[in-house]
Amino acid sequence: MVRAVARIDLAAVQRNCARLKSAVGEETELCAVVKADGYGHGAVACAEAALAGGATRLAVATAAEAEAIGRGYPHIDLLTMGALTPEELDGALAAGAAVAVWRPEFLELVAKRARARGNAARVHVKYDSGMGRLGSRDPAEVMALARACAENQDVELAGVWTHLATADEPESEFFDEQLNRFDAVVDAARAEFPEVTIHAANSAAVFRDRRSHFDMVRCGVAVYGLDPFQGDPADRGLHPALSLRSYVADVKHFEPGDSAGYGRTWRAGAETCVGVLPLGYGDGVRRGLSNNAEVLVGGRRHPLVGTVSMDNVTIDLGPETDVEPGDEAVLIGSQGEETILAEEVAARLGTINYEVTCGVSARVPRVEG
Ligand SMILES: Cc1ncc(COP(=O)(O)O)c(C=O)c1O
């Protein structure tokens, strides 16, 4: 019996990477994105499984993440995708990570710090083709930065890249617009720097359009078996890797009118039994799931009733239940024939599966299995 645990199926991570690799083919590298502790799944263990499944590179967002991953995998090409303060830059370089660059001043700083370290820094010049976040919007500036890298012995031009804003919206024409804009930059970059790694695609783009694959794809959500389009991962041959499990700590009899939880937001309409599970929003079970979720016990779905507390939730087991204290409860994942997907939880919350798994808090141990 475990109060709350996130079980991580590393074999699923491995299979998902093999699936992604088969989708992109031999010519395109798979870079597994393991930022935010591997989307809540545990970055180090998932990195290992992703590499076993065919990923040849890893990416993170922050310097601290680069340091954590770089320590474990010094031989793997690692990219820090996010913005870095000068202090963070030192951390990322010390971790052996390549860094993202889109401003001349930052490139100068990278060169200076790399020179001080005595090791050339690998940089990926970022083009903002329409995401409107990090990157230079000016193709001429992107090329100027690429040339500046090539001319500076303290930096090595390793990549030219962009990020797509609407790959997961099948109707969006902006996806093609961004690729068209990027194509022009790619043509210029390839002409001058044939060795450079060109990359654009996230998970959704991998499934959507081969045109986005280039030399490498950066996949996060699909690595963990989550559907980038918020549908059923099985439809794309993906296997969810995370399940969130707890147990029934108590079962009590309720008379009509008895209430469960803060604010008495739920009252029994008839005699019933209520199960108490010892986890709550302190574990990442969002309060928005109050009276708005189902939980598996004994292979059946039971409605979550009342308000989600920090450390407890309550479920309606019905008047004649065989559920007993100690029985396993599943908030995300499978039990018997039933499955609750992170996508279902996300839809109930009006959010996306990414936020659901990232939201499983640090209080919940990640355990392989
Ligand atoms: C720059 C960048 N590339 C790639 C990814 C991976 O995207 P996905 O998880 O949709 O595959 C992310 C994730 O947000 C990202 O920020």
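One structure accompanies this document, and this report is about it.

Analysis parameters
Residues numbered from 1 in each chain as written. Predicted model: local features only at pLDDT ≥ 70, side-chain atom pairs only at ≥ 80, totals over all residues. Heavy atoms only, no water. Helix = DSSP H or I, 4+ residues; strand = E, 2+ residues; numbered from the N terminus. Buried < 20%, exposed > 50% of the residue type's maximum accessible area, 1.4 Å probe, protein only. Contact = heavy atoms within 4.5 Å. Areas by Shrake-Rupley, 256 points an atom, 1.4 Å probe, with all protein chains shown as cover. Lys, Arg positive; Asp, Glu negative; His and termini not counted. Charge placed at Lys NZ, Arg CZ, Asp CG, Glu CD. Core = buried A, V, L, I, M, F, W, Y, C linked by side-chain atoms within 4.5 Å. Near = heavy atom within 4 Å. Polar contact = N/O pair within 3.5 Å; in protein donor to acceptor, adjacent residues only side chain to side chain. Axes fitted to C-alpha atoms, helices over the stretch in contact; angles between N-to-C directions. Parallel < 35°, antiparallel > 145°, perpendicular 65-115°, else oblique. Left-handed = near helix turned anticlockwise from the far one by under 90°. Nonpolar A, V, L, I, M, F, W, Y, C, P; charged D, E, K, R; others polar. Pairing = 2+ DSSP bridges. Right-handed = clockwise from strand over helix to strand, strands pointing away. Arc of directions from axis to C-beta. Salt bridge = Lys/Arg side-chain N within 4 Å of Asp/Glu carboxyl O. Phe/Tyr/Trp six-rings, centres within 6.5 Å; stacked < 30°, edge-to-face > 60°. Lys NZ or Arg CZ within 6 Å of the ring centre and 35° of its normal.

A word on the overall build of the protein. From N to C terminus, the protein includes 11 helices and 18 strands. Expressed as lengths along the three principal axes of its C-alpha atoms, the size of the protein is roughly 80 × 45 × 35 Å. Out of the 369 residues belonging to the protein, those deemed buried represent 52%. For the protein, long-range pairs separated by at least 24 residues make up 65% of all intrachain contacts whose partners lie at least 6 apart in sequence. By element, 48% of the accessible surface of the protein is carried by carbon and sulfur atoms, the whole surface being about 15,600 Å². Each charge sign in the protein was given a centre, from 36 positive and 54 negative side chains, and these centres are 3 Å apart.

Quick look at the nonpolar core now. The biggest cluster of nonpolar side chains holds 121 residues, and the ones touching the most others in it are L58, I69, V99, V110, V123, V160 and F182. The element contributing the most residues to this core is helix α1 (residues 10-24), with seven residues. The contacts of L58, once residues within four sequence positions are left out, are C31, A32, V34, A47, L51, I69, Y73, I76, D77, L78 and L79. Residues F254, A260, W266 and V274 belong to the second largest nonpolar core, which totals six residues.

On to the site of the ligand. Of all residues adjacent to the ligand, which total 14 residues, the nearest are K35, Y39, S203, V221 and Y354. Within the side chain of Y354, one N or O atom sits 2.5 Å away from an oxygen atom of the ligand. Protein burial of the ligand: of its 390 Å² of free accessible surface, 90% is covered by the chains. When contributions to the shell around the ligand are tallied by element, the ones reaching two or more residues are α2 (35-39) and β9 (216-219).

Our focus in this paragraph is the packing of helix α7 (residues 139-151) against helix α8 (residues 174-192). Here α7 crosses α8 at 20 degrees, and the two axes come no closer than 10 Å. Regarding the angle of α7 to α8, the classification is roughly parallel. In the crossing of α7 with α8, the sense of the turn from one axis to the other is right-handed. On the side of α7, the interface is formed by P139, V142, M143 and R147, while α8 contributes V185, A188, A189 and E192. Here the residues of the contact of α7 with α8 are counted per class, giving six nonpolar, no polar and two charged.

The subject of this paragraph is the pairing of strand β6 (residues 121-126). Among the six residues of β6, five are classified as buried, and the element is accordingly described as predominantly covered. Bridge count for strand β5 (residues 98-101) against β6 is three bridges, and the pairing is parallel. Bridged to A100 within β6 is H124. Tracing the backbone out of β5, into helix α6 (residues 104-117) and back to the parallel element β6 gives a crossover that is right-handed. Note: β6 against strand β7 (residues 155-161), six bridges, orientation parallel. Looking at the pairing, K126 lines up with W161 of β7. With respect to chirality, the unit in which β6 leads through α7 into the neighbouring parallel β7 is right-handed.

Those residues of helix α4 (residues 63-72) not exposed but buried are A63, E65, A66, I69 and G70. Buried residues along α4 cover an arc of 145 degrees about the axis, so they all sit on one side. Exposed positions of α4 whose direction lies more than 90 degrees from the buried face are A64 and R71. Buried residues along α4 sit against α2, α3 (43-52), β3 (57-60), β4 (77-80) and α5 (86-94).

Another aspect to go through is the environment of R122. Tracing the chain through its elements places R122 in strand β6. Leaving out residues up to four positions away in the same chain, R122 has contacts with D77, L78, G96, A97, A98, V99, E156 and A158. In this structure the side chain of R122 is engaged in a polar contact, spanning 2.6 Å, whose partner is the backbone oxygen of G96.

Turning to the pattern of salt bridges, a few remarks are in order. For the structure shown, the criterion picks out 26 salt bridges. R7 serves as the salt-bridge partner of E328, at 3.7 Å between the closest nitrogen and oxygen. With a gap of 321 residues between them, E328 in strand β16 (residues 328-335) and R7 in strand β1 (residues 4-8) connect regions that are remote in the sequence. Residue classification places R7 among the partly exposed residues on the basis of a relative accessible area of 33%.

Okay, the packing of aromatic side chains next. Tallying each qualifying case throughout the model produces five aromatic pairs. On the basis of an interplanar angle of 15 degrees and a centroid distance of 6.4 Å, the ring pair of Y127 and F182 is categorised as stacked. Of this pair, Y127 sits in the loop between β6 and α7 while F182 sits in helix α8, and the two are 55 residues apart along the sequence. The pair formed by Y127 and F182 is uniform in burial state, with each residue classed as buried. Their ring planes at 40 degrees and their centres at 6.0 Å tell us that F254 and W266 sit as a pair that is tilted. A residue pair is termed long-range when its members are at least 10 positions apart, and F254 in strand β11 (residues 250-254) and W266 in the loop between β11 and β12 (272-277) qualify at 12 residues. Both residues of the pair, F254 and W266, belong to the buried class. Among the aromatic residues, those joined into a cluster by ring pairs are Y39, Y224 and Y354. For the cation-ring pair, K126 lies above W161, with the distance from its terminal atom to the ring centre recorded as 4.2 Å. The ring of F175 has R208 lying over it, and the distance from NZ or CZ to the ring centre is 4.0 Å.

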